[in-house]
Structure formats: structure tokens, C-alpha cells
Amino acid sequence: MSAPALPHPGCPTSAVDPFSRAFLLDPYPFHQELREAGPVVHIDAYGLWAMARHAEVAASLNDWQTFCSSAGVGLSDFRKETPWRPPSLVLEADPPLHTRTRTVLARVLSPNAIRELRAGFEREAECLVDRLVAAGQFDGIKDLAEVYPPKVFGDAVGLPAEGRENLLPYGGMAFNAFGPRNELFETAFANAAPVIGWITAMCRRDAVAADGLGARIFQAADSGELSEEEAGLLLRSFLTAGVDTTVNALGNALFCFAEHPDQWALLQANPALARNAFEEVLRFEAAVQTFFRTTTRQVEVSGTTIPEGAKVLLFLGAANRDPRAWQRPDNFDINRRVVGQMGFGTGIHGCVGQMVARLEGEIILASLARKVRRIERNGPLQRRLNNTLRGLDALPLRVTPV
Ligand code: OVM
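Just so it is clear, the model here is predicted, and its values are computed rather than measured.

Draft legend 1. Seen up close, the overall build of the protein. Scanning the protein for helices and strands turns up 17 helices and 13 strands. A compact globule built from 402 residues should have a C-alpha radius of gyration of about 21 Å, and the protein, at 21 Å, falls within 12% of that. Taken along the three principal axes of its C-alpha coordinates, the protein extends 75 × 50 × 40 Å.

Draft legend 2. Layout of the site of the ligand. Neighbouring the ligand are the residues Arg85, Ser88, Val90, Leu91, Ala174, Phe175, Phe178, Ser237, Thr240 and Ala241. Interatomic distance of 2.6 Å between a side-chain N/O atom of Ser88 and an oxygen atom of the ligand. Taking 310 Å² as the accessible area of the ligand by itself, protein coverage stands at 90%. Within the residue set of the shell around the ligand, elements represented by two or more residues are helix H8 (167-176) and helix H12 (228-241). A total of three residues in the shell around the ligand trace back to one element, the largest contributor, which is H12. Looking at side-chain class alone, the shell around the ligand contains six nonpolar, three polar and one charged residues.

Draft legend 3. How the structure looks around the packing of aromatic side chains. A complete count under the given rule lists 14 aromatic pairs for this structure. Between Phe19 and Phe292, the ring centres sit 6.2 Å apart and the planes meet at 15 degrees, which makes this aromatic pair stacked. On the criterion of sequence distance, the pair formed by Phe19 in the loop between strand E1 (13-14) and helix H1 (21-25) and Phe292 in strand E6 (residues 290-295) is long-range, its members being 273 residues apart. Classification of Phe292 by relative accessible area gives buried; the value is 1%. Their ring planes at 75 degrees and their centres at 5.3 Å tell us that Phe257 and Trp264 sit as a pair that is edge-to-face.

Draft legend 4. Layout of the state of the cysteines. Applying the stated criterion across every chain yields a total of zero disulfides. The thiol sulfur of Cys11 is not disulfide-bonded, and the nearest other cysteine sulfur, from Cys68, lies at 19 Å. With no disulfide partner, Cys256 has as its closest neighbouring cysteine sulfur the one in Cys351, 18 Å distant.

How each quantity is defined
- Residues numbered from 1 in each chain as written.
- Predicted model: local features only at pLDDT ≥ 70, side-chain atom pairs only at ≥ 80, totals over all residues.
- Heavy atoms only, no water.
- Helix = DSSP H or I, 4+ residues; strand = E, 2+ residues; numbered from the N terminus.
- Rg over C-alpha atoms; globule rule 2.2 N^0.38 Å.
- Near = heavy atom within 4 Å.
- Polar contact = N/O pair within 3.5 Å; in protein donor to acceptor, adjacent residues only side chain to side chain.
- Areas by Shrake-Rupley, 256 points an atom, 1.4 Å probe, with all protein chains shown as cover.
- Nonpolar A, V, L, I, M, F, W, Y, C, P; charged D, E, K, R; others polar.
- Phe/Tyr/Trp six-rings, centres within 6.5 Å; stacked < 30°, edge-to-face > 60°.
- Buried < 20%, exposed > 50% of the residue type's maximum accessible area, 1.4 Å probe, protein only.
- Disulfide = S-S within 2.5 Å.

Following this line, the structure appears as C-alpha cells:
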């Protein structure tokens, strides 16, 4: 008698639920388990394949022909299920559509455009940090992380001040929607209609300032590169991807330094480390933890055959702590060489706004480093669970001025 065939020959299986509260609260032991299980692991709970090692995550993100985005970059397969909103023309698209839309966004966020943002971003950070340092204690999330990106990125895009409180709930919806329809999803969508209504209203030429990043997307409609409707959907990408991500990254940065006073002392002594320090935050506590791809063909990955049309879950946060790629991966070390961290992804879909995110992170950390000698947690932190994002709901802090 022969042994029963394995359900997925040569492929280890895992019973973990990557969208359970236990996993999202503390993903790192689960990441290790998944990395050690093998280069590819079948997640039985959802019938999907997963990769948690740096080499396979990077290789998949760099092969858009095999690991496509047009079937959605969440658990839902757009070929079988209707997406919750019209698909993103850049995130949820493949070439040639992706090439045309990405070209416009890359131009709007060009090095020159980023250079023009710095002075205003610095002024706003100085003002906010001065106020918080004067107060002596504050909530790192409510009073800093959730204040700065809606203000500076909202201003840069050219959004009206009124209604910006919808940006975070919308991000919460979009990033939860990459996971299964669990309780987190349902809670995020409980009050969806007015939030979607405001976002949709902002995705029009006449809703945004004439001199902002939003208007520059519509200029690509004037030249015939995009239709007016496509321009509106690309502006929606800025509003979806540009706020909740940086809010969580800034909150995670404050968390990292509150937990690692030795690293704060290094940054405080040398604020020029701020940019690399923020990069290390993105490696150590990636705000965006996961993205999916969908296979366009049967493919062999490091000895495992994945069928065509399979959903593949890529653990950016696990790749960022893979001991095969990093020395002492579980140490938060702002002097480390962080090149290759997967928090922004890589390949043709690598974060188009990454230079804006880095600008915000560098400026906030440098401003704090110049004004704050000690930063300490002042009460219990509260995690905010999301199917994709890693971040906090509350981080009470006490700061000692320089
Ligand atoms: C989008 C988008 C892009 C990147 C991330 C993201 C929700 C969304 O184009 O809407 O997360």
C-alpha cells in the first residue's frame, strides 16, 4: 500500500490564521514558524500559499508576470468576487495599464516635487513638536502620528481642511479589506457610507487646490495621458495609501524609541541618523505587514509547485526579520545598513510614495531628536489590529526637553 498523497506535494502546511487576533497582536513568533517551515507554506485555513523568507518575498515581488496584481492584492480574487470598490488603477493593475498610471504618479512624486515639500513639512513638524514638548506628555498616536500626515500630506495634495477626519477610517477600511471578512473587516466597514462619500467627493478636479499634487494628476488628463475618471481614481490612490500608512509608521517609530532608550540616546546625540533610523523602524515594525499576489501560471518556487490562479500571501514584515537576510534581525539598531527592507515592497509596485513617507519620518524624528532628551512610555499602550497594518491605538508618552 502506498502512502496517501500529500495535499500539496513537497509543500509544508500550516494551521495558523494570519488574520487572527493572536497573530496580529504578536506576529513575530508566527513569522519565525512560517519561515522555518519552508520557503513556501500552504495556509490551510484560507487555501492560500505563503512566503515569509526574504529571498522568496523579494523574488515574487520582482516577477509581476507570474505574480500578478490585477486579481487584487488581498485575499479576495477579483476574477471570482466583486471588489468592494472599483479597483485601483495602479495597485490592482498589471502592465500595460499599470505602466501608464504609474508613470503619472511617479512624475507627480518626482524628486523635484519632493524637494518642494520639505520646507513646509519641516515648519509643520517644528510647530507640532514644540507644542508637544512644552506639554511634557502626550499620546504618541492621537497627538502626533494621527495629526502630522493628515496635515502635511493633506496640504500637499490640496485637500480642504474640512473632512480630513475621513482619511484614517478610509485607510482602515482599505487595509482591512485585503484580509478576510472577519470581525476586523466588519467593524471597519460599519460606518462606511459617509466615509466613502467624502473620499469620492474629493476625487474630483474641483475638490482639490489648483497648485497641489492632486491637481498635477488632473494635468495628465489635460494632455490626454489619462481620462478624467482615471485621474480621479489615481487621486483616490493617494488618499488610500498616503495617510494611514505613514500614521502607523510614525506611531511605530515612537514605539520603537520608547522601548529602546539606548537607540534614542544615539539619535539624540546625532539627529543626522534620523533618516536611517526611520528606515530601521520600517524594517523592524513594518506598518504594511503583508500583500498578496495571484499566480498567472503554475510556477515552481524553491522546489514547491504553486498552481495557476493561486493566492500567494507575501509577509513583508517576516522578510524584514529573516535571519537569512539580516544579522540579529530582532535587534532594533538605527546604525544598521537597512538596504533591502521590504516595508515599501520592491519591483514595479514598490511604494510610489516612499520618498514622501521617508521625508515625513526623517523630519519628525530629527525634530524630536533636537528637542527631546528622553522619551518614555507613560502608561499602557494599546494595539490597533488591522488585517494588513501594524500599529497602535494609544501610546502615552512623557518627554524630557533638551
Ligand atoms: C491604491 C493603493 C495603493 C497602495 C496601497 C494601498 C490600501 C492602496 O492605489 O489605492 O493600500
